[in-house]
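Close look at the chain arrangement
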Amino acid sequence: MSFAHEADRRGLFRVFSGITAKGSGRLYIYSLLFTMSLSPSVPRSWDRPGSLSLGIPLYVYACVASSLCIVVGLLWDISWHITIGRDGLFSAPHNLIYAGAAFAGLFAGYRCLMASFGPHKAERPHLVHFWGIFYSSLGGLFCIWGSIAALTSAPFDDWWHSTYGLDVEIFTPPHTVLILGLMTIQLGAMFLVMALLNREDDAVFPERTARLRLLFTLTAGFLLAMLYLFVSEFVDRVNSHNAIYYQVSGLVFPLFLFSTARASGHRWGATRISLVYMLVLLLTNWVLQQFPAEPLLGPILNPVTHFQFFGFPVLLILPAACIDWLQQRVIFRNNWTRAFAMALVFALVYGLIQWFFGEFLVSSPLARNKFFGSYTWYFGNDPNWEYRYQYYPWAREAAGDLATGLGIAFLITLLSTRVGLAWGNWMKKVVR
């Protein structure tokens, strides 16, 4: 049942009920039929506002759960590669990723078919019409196409390994297709929630608005975690004294974090989203370490016995909290001054924290434990290598080059922030 017109249905029912109280039973029947015609079908238990789901369609929860399965499965797969080595097409982490992708695609596809040919035709004004016969939400389309891309890449990746052997990089062609497909699914899950949130009236059902805002925060945090995994080769701790680390961070994180924070409508939106991002990465890493695993691919120079910690995530929550606090206390004249202030705060706070925190993760013995995970070392590398716990000489830049690179990083951060604010304003208008 579409809950966008629920208040109208209730109001019309009260009007007709008042009339029927004075008179004919025939008018009562007409009013009941008219009220029921405003919904595509008889309400189900999970569509009612008083139910546990608060009237939010079941497929929305399914797509949010799929987004979580995807990011957990991908992090598990990375840990599998650095612990065990080559995995098969149907290894456990792959199956979790496939299940998340298939789950989202099936639920979104079913919803599309029901709106196009089934009993949910009354929802069409809130859907996108495509190919002349189909109707779907924007988020549903993202989930469908992302699912097709992700599942198609699986046999391509298996062929790639069979032909070229083990790869140790993220940016291989099949991995790129897979990750882009998975991120499209996660973006679709976020758009699904966002469209419902933008159509919701806080005064009518505040509990449902709060639930939708929570779901939006979760989907945004899951996608932010996926983005971090996607660029992790550039923001690895050994690069934290290199300009490329801050240029990539300034390009990716402000764009997504500030756009979703603005679209969330919560004054601590960036803080909440970055908290979800950190929790999903850290909890998955901490849990995986508890399970035994050993390498199955030679040469084995570092005989590990448990799943390896992938890496402590960058501390986005601290610059996010500072920026949320700033926006609550300063009135900006326009979006450019807002973007400049936000970019400056992000660059200063993020840069200072990650410069010293990265050094802590690289060289401090206090980081070589299961909490921070700096003890992790690929099984095919010599554990006694002299640069295991210090910066590589080629990872450091001369002072002049570093200063120039950091200046470029700030300009990238400024443009990324401004585009993020514009994207967030656009997302607040999405209702389909």
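Here we come to the overall build of the chain. Scanning the chain from terminus to terminus reveals 12 helices and two strands. N-terminal to C-terminal, the α/β element order of the chain is α-α-α-α-β-β-α-α-α-α-α-α-α-α. For the chain, with 432 residues in total, the buried portion stands at 52%.

For the rest of this paragraph, the subject is the environment of isoleucine 133. The residue isoleucine 133 is located in the loop between strand 1 (128–130) and strand 2 (134–136) in this model. The spatial distance from the C-alpha of isoleucine 133 to the C-alpha of leucine 113 is 9.8 Å, given a sequence separation of 20 residues.

With that settled, the discussion passes to the confidence of the model for the chain. Averaged over every residue, the pLDDT of the chain is 81; the share at 70 or more is 84%. When the elements of the chain are averaged for pLDDT, helix 2 (residues 25–37) gives the smallest value, 36, and helix 9 (residues 269–288) the largest, 95. Taken together, the stretch residues 1–47 has pLDDT below 50 and engages in 60 contacts with residues farther than four places along the chain or on a different chain.

Here the focus is the packing of helix 6 (residues 173–199) against helix 7 (residues 206–230). Look at helix 6 against helix 7: their axes get within 9 Å of each other, and the N-to-C directions meet at 160°. In terms of axis orientation, helix 6 runs roughly antiparallel to helix 7. Crossing of helix 6 against helix 7: the hand is left-handed. Contacts between helix 6 and helix 7 involve Ile179, Leu182, Met183, Gln186, Leu187, Ala189, Met190, Val193, Met194, Leu196 and Leu197 from the former and Thr209, Leu212, Arg213, Leu215, Phe216, Thr219, Ala220, Phe222, Leu223, Met226, Leu227 and Phe230 from the latter. The residue makeup of the contact of helix 6 with helix 7, split by class, is 19 nonpolar, three polar and one charged.

With respect to the element layout, arginine 272 can be found in helix 9. In sequence terms arginine 272 and alanine 261 are 11 residues apart; their C-alpha atoms lie 8.5 Å from each other. Ignoring sequence-local partners within four residues, the contact set of arginine 272 consists of Arg213, Leu214, Thr217 and His266.

Moving on, we get to the nonpolar core. With 90 residues, the main nonpolar core has Leu182, Phe253, Tyr277 and Phe312 as its most contacted residues. If you tally residues by element for this core, the top one is helix 6, at 15 residues. Sequence-distant contacts of phenylalanine 253, defined by excluding residues within four places in its chain, comprise Leu224, Tyr228, Val231, Phe258, Val314, Leu316, Phe346 and Tyr350. Listed in part, the six residues of the second largest apolar core include Val238, Val362, Tyr387 and Tyr391.

Once that is clear, we can look at the state of the cysteines. Inspection of the entire model under this criterion finds zero disulfides. Between cysteine 143, a cysteine without a disulfide, and cysteine 63, which holds the nearest cysteine sulfur, the sulfur-to-sulfur distance is 4.0 Å. Given a relative accessible area of 0%, cysteine 143 falls into the buried group.

Glancing now at the packing of aromatic side chains. For the coordinates displayed, the defined rule picks out 28 aromatic pairs. When the ring of phenylalanine 191 is compared with that of tryptophan 426, the centres are 6.0 Å apart and the planes differ by 70°; the resulting orientation is edge-to-face. With phenylalanine 191 in helix 6 and tryptophan 426 in helix 12 (residues 399–427), this residue pair connects regions lying 235 residues apart in the sequence. Classification of phenylalanine 191 by relative accessible area gives buried; the value is 3%. Classification of tryptophan 426 as partly exposed rests on a relative accessible area of 41%. Taking NZ or CZ as reference, arginine 368 lies 3.7 Å from the ring centre of tyrosine 389, over its face. The ring of tryptophan 336 carries arginine 418 above its face, with NZ or CZ at 5.3 Å from the centroid.

Another aspect to go through is the environment of leucine 141. Within the secondary structure, leucine 141 sits in helix 5 (residues 138–164). On the basis of relative accessible area, leucine 141 is assigned to the buried category, the value being 13%. Distance in space between the C-alpha atoms of leucine 141 and alanine 108 is 7.4 Å, their sequence separation being 33 residues. Sequence-distant contacts of leucine 141, defined by excluding residues within four places in its chain, comprise Val128, Phe130 and Ser136.

Packed helix pairs are specified by the crossing angle of their axes together with the interaxial distance, meaning the distance between the axes. Interhelical geometry of helix 8 (residues 243–264) versus helix 9 gives an angle of 120° and a closest axis separation of 8 Å. By the angle class used here, helix 8 and helix 9 are oblique. By crossing handedness, the relation of helix 8 to helix 9 is classed as right-handed. Contacts between helix 8 and helix 9 involve Leu257, Thr260, Ala261 and Ser264 from the first element and Gly269, Ala270, Ile273 and Ser274 from the second. Per-class residue counts for the contact of helix 8 with helix 9 are four nonpolar, four polar and no charged.

Scoring rules and cut-offs
- Residues numbered from 1 in each chain as written.
- Predicted model: local features only at pLDDT ≥ 70, side-chain atom pairs only at ≥ 80, totals over all residues.
- Heavy atoms only, no water.
- Helix = DSSP H or I, 4+ residues; strand = E, 2+ residues; numbered from the N terminus.
- Buried < 20%, exposed > 50% of the residue type's maximum accessible area, 1.4 Å probe, protein only.
- pLDDT = per-residue confidence, 0-100.
- Contact = heavy atoms within 4.5 Å.
- Axes fitted to C-alpha atoms, helices over the stretch in contact; angles between N-to-C directions.
- Parallel < 35°, antiparallel > 145°, perpendicular 65-115°, else oblique.
- Left-handed = near helix turned anticlockwise from the far one by under 90°.
- Nonpolar A, V, L, I, M, F, W, Y, C, P; charged D, E, K, R; others polar.
- Core = buried A, V, L, I, M, F, W, Y, C linked by side-chain atoms within 4.5 Å.
- Disulfide = S-S within 2.5 Å.
- Phe/Tyr/Trp six-rings, centres within 6.5 Å; stacked < 30°, edge-to-face > 60°.
- Lys NZ or Arg CZ within 6 Å of the ring centre and 35° of its normal.

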